[in-house]
Amino acid sequence: MATDQDTAAMDVDTGSGGPLSSVVNWMENLSEAAYAYLLLVPAFFFITLVAFYPLLDTLRLSFIVEGARGTEPTIGLENYIDLLTGSALISRQVLDVGFTAAFPFIELGSPFFRQALFVTITFAIVSVLLETLIGFGQALVLDKEFKGRRWVRVAIIIPWAIPVVIQAMIFYLLFQPTVGFGSELMQALGIFGSTPLANSRDSFIIVLVADVWKTSAFMALLILAGLQSVDRSLYDVAKVSGASPWQRFKMITLPLVLPALIVAMLFRTMDAMRVYGIIDATAGCSTVPSLTCVVVDAVFATRQFGIAAAAAFFTAVVIGAFISIYLLFFADSDGGYF
Amino acid sequence: MATETDTQQIGTNKEDEPELDRGPFEAWAARSIKNPKRAYRAMFYTAMIFFLVTTLFPFYWLLMVALTPDGSLQNIVLAPATFDPALLLAGDLTMGTNPGAFVEIFERLPFHRYMFNSFVIATVTTVIVLVVSSLAGYVFGRLRFKGKSPLMLLVLLVSFFPPAAFFLPLNQLFNRNFAVLQPVMSDGSLYNTPYAMIIPFSALFLPLSIFILTTFYAQIPDGLEDAARIEGTTRLGALFRVIIPLSAPGVATAGVLTFIAVYNEYFFSSLMTDPGAENWAPIVEGILGYQGQYQELYNLMAAASIVGVLPVAILVVVAQEKIVSGLTAGALKE
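So, how was this worked out
Residues numbered from 1 in each chain as written. Chains lettered and ligands numbered in written order. Predicted model: local features only at pLDDT ≥ 70, side-chain atom pairs only at ≥ 80, totals over all residues. Helix = DSSP H or I, 4+ residues; strand = E, 2+ residues; numbered from the N terminus. Buried ≥ 20, exposed ≤ 12 C-beta atoms within 10 Å, placed from the backbone. Contact = placed C-beta atoms within 7 Å. Core = buried A, V, L, I, M, F, W, Y, C linked by C-beta atoms within 7 Å. Axes fitted to C-alpha atoms, helices over the stretch in contact; angles between N-to-C directions. Parallel < 35°, antiparallel > 145°, perpendicular 65-115°, else oblique. Left-handed = near helix turned anticlockwise from the far one by under 90°. Nonpolar A, V, L, I, M, F, W, Y, C, P; charged D, E, K, R; others polar. pLDDT = per-residue confidence, 0-100.

1. A closer look at the overall build of chain A
Stage number 1. Along chain A, the regular secondary structure elements total 14 helices and 2 strands.
Stage number 2. Counting only residues that meet the buried cut, chain A has 42% of its 338 residues in that class.
Stage number 3. Looking at chain A alone, contacts between residues at least 24 apart form 69% of all its contacts between residues at least 6 apart.

2. Topic: the nonpolar core
Stage number 1. Membership of the largest hydrophobic core comes to 183 residues, with the highest contact counts inside it found for Ile223, Ala311 and Ala312 of chain A.
Stage number 2. Not counting residues up to four positions away in its chain, the partners in contact with Ala312 of chain A are Thr58 and Val295 of chain A together with Ala164, Ala165, Phe167 and Leu168 of chain B.

3. Quick notes on the environment of Phe45 of chain A
Residue and element names in this part refer to chain A.
Stage number 1. Tracing the backbone through its elements, the reader meets Phe45 in helix H2 (residues 32–62).
Stage number 2. Classification of Phe45 as partly exposed rests on a count of 13 C-beta atoms within 10 Å.
Stage number 3. Spatially, the C-alpha atom of Phe45 lies 31 Å from that of Ile325, the residues being 280 residues apart in sequence.

4. Let's talk about the packing of helix H6 (residues 149–161) of chain A against helix H3 (residues 36–67) of chain B
Stage number 1. Orientation of H6 of chain A relative to H3 of chain B, taken along the N-to-C sense of each, is 40°, at an axis distance of 9 Å. Compared by their axis directions, H6 of chain A and H3 of chain B come out oblique. As H6 of chain A packs across H3 of chain B, the resulting crossing turns out to be left-handed. Counting all contacts with H6 of chain A, which are made through Val152, Ala155, Ile156, Ile158 and Pro159 of chain A, the residues of H3 of chain B involved are Met48, Phe51, Leu52, Thr55 and Leu56 of chain B.
Stage number 2. Partitioned by chemical class, the residues of the contact of H6 of chain A with H3 of chain B number 9 nonpolar, 1 polar and no charged.

5. Comments concerning the interface of chain B and chain A
Stage number 1. On the chain A side, the residues contacting the 78 residues of chain B number 77 residues.
Stage number 2. Split by residue class, the side of chain B that touches chain A holds 63 nonpolar, 11 polar and 4 charged.

6. Structural notes on unusual backbone geometry
All names here are of chain B.
Stage number 1. Even without being glycine, Asn192 reaches a positive phi, approximately 65°.
Stage number 2. Along the chain, Asn192 falls in the loop between helix H7 (164–175) and helix H8 (195–204).
Stage number 3. Even without being a glycine, Trp280 presents a positive backbone phi close to 65°.
Stage number 4. Tracing the sequence through the fold places Trp280 in the loop between helix H13 (267–271) and helix H14 (283–292).
Stage number 5. Residue class for Trp280 comes out buried when judged on the 24 C-beta atoms lying within 10 Å of it.

7. Some thoughts on the confidence of the model for chain B
When pLDDT is low, close inspection of the predicted coordinates is not appropriate.
Residue and element names in this part refer to chain B.
Stage number 1. Confidence in the prediction of chain B, expressed as mean pLDDT, is 81, and 83% of residues score 70 or more.
Stage number 2. For chain B, per-element mean pLDDT is lowest for helix H1 (residues 2–12), which scores 45, and highest for helix H5 (residues 111–142), which scores 92.
Stage number 3. Across the interfaces of the predicted complex, the ipTM metric reaches 0.82, alongside a pTM of 0.84.

8. Describing the environment of Arg142 of chain B
Stage number 1. Looking at the element boundaries, Arg142 of chain B is found in helix H5.
Stage number 2. Arg142 of chain B sits 123 residues away from Glu265 of chain B along the chain, and the two C-alpha atoms are 32 Å apart.

Below, the structure written as structure tokens:
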């Protein structure tokens, strides 16, 4: 009996080793290309499930136009047209007149989606410009050798590493009229009105300040990498030929850092166009609407999936347009990053 | 600091400066003109202090809000209104502040559960991302095959689309009931489970890790891999026993960045579950939970924010070199 069981167990052992070793054998004998495709399967499984399939489905949904109750939905571009003309049913058609009176450039009563488009693009351009300037300043400081540089670098990185919701909490509290002093400070300077978190223009500035505070560090790190790759002997040559520090910066640092700078700006612009969390947790989407806000609003407030999908895909198109502009202008500006 | 060194300088430089009736600032300006290096150094320290104050003051202020007792939450600037060091003599160790807020956050809401949820989601996502991107990074960094560049571009494409473009179908997918999942999940849908966040995050943060690991794996000399293969290691064995251990700093970098990114994410974190801690909602919902309940609990919001920041703050202090090298490698790869 006992020997019987032993041989049975041994049989099982070799049996379970069989398929495994045959799989290993099969993998060993694959061509390099086939092996490469095999190893890419998990990555593309996730990317297809979470990105490509949803993307195509979003595109499909955006063309399904729901008609009046009881009628069959039709296929067409109506969702996009409705969004742009303002006849789409989103919970808010326009921003509240009382709140927006002071918001620059937006006409009162212009469609909600166009306002969201304007807010998103303005936010992206202004925040990326400010972050580039401040980030450059921070990078120049970090590029110097000094005692405690490690700790200064930690201090500058920390805002970048904190959760968006906590960043939002900090600025929500700072500009909350009772707890914070930010509103009073800005009111004393004559910039803010009486209720900053309910006023579109003031909230826009708060969101902008919060974003600049958090993400300047990201720009600083990327620019710093560019700065540190600059050959130091170039500066010595320039010094010997009598170039002033400003000339050294303009003629050596800036052109050599430019490729890194442009990549950093491209990444930041893409990111800034997706702004949602900081708005949602401070002023709210109805005060400062962004494109992502319109998508969330259409899904959860009015259950208009076609409209939501159209807004989402439109956002992707706007980001694509921005990237194309970058690539067109900077693709051949040496560096060969693209 | 600056004035101290200035006065010292005035003392030592007296011989060079005959006009002694200059004010200290004018004297400093005159010397700066003679020696521009001083002016640059002054500018440098001013800039450094400015950046330090602007980045760190909000955290200090947040702590002050958290320490302010419930009743006096008004116009906090440098310290709580009730703060009085003299109370220390009277035996009050808190000096008029309210550290109890850090206990109260756990009593009002199960904030520890929210933290735990965030931790689980971030850790599991990091492990999945590291395994999957190790395979992909090895392929892109070391193998030669047809269609490499288009496939790499396809991966890059993911990081270009806004999360909103993926959200609607994923939300519908996770709310659908699957018969296959019925024995595992109570109602067969993934909504209100950690998977509703782990799956999207695993894909969304994959590209950055793939880029970082591609760079690192490409740098390992071919000879080491060949040697391992001749010794009789399998193909996968060579990857896991030679390439990955040799690229440990790169793997650590990708792991730290993925963990931070998932821990910090807002969009999916706030939309893929219902707010309750038992629904695997992450800290986003925990912190926002103090906003809506009956009244605005400002000091609790501040205290919860500080507790929520601690894990990433520690991670930044410990792994700052990795973060810096990872961000720059990931972004400058293309």
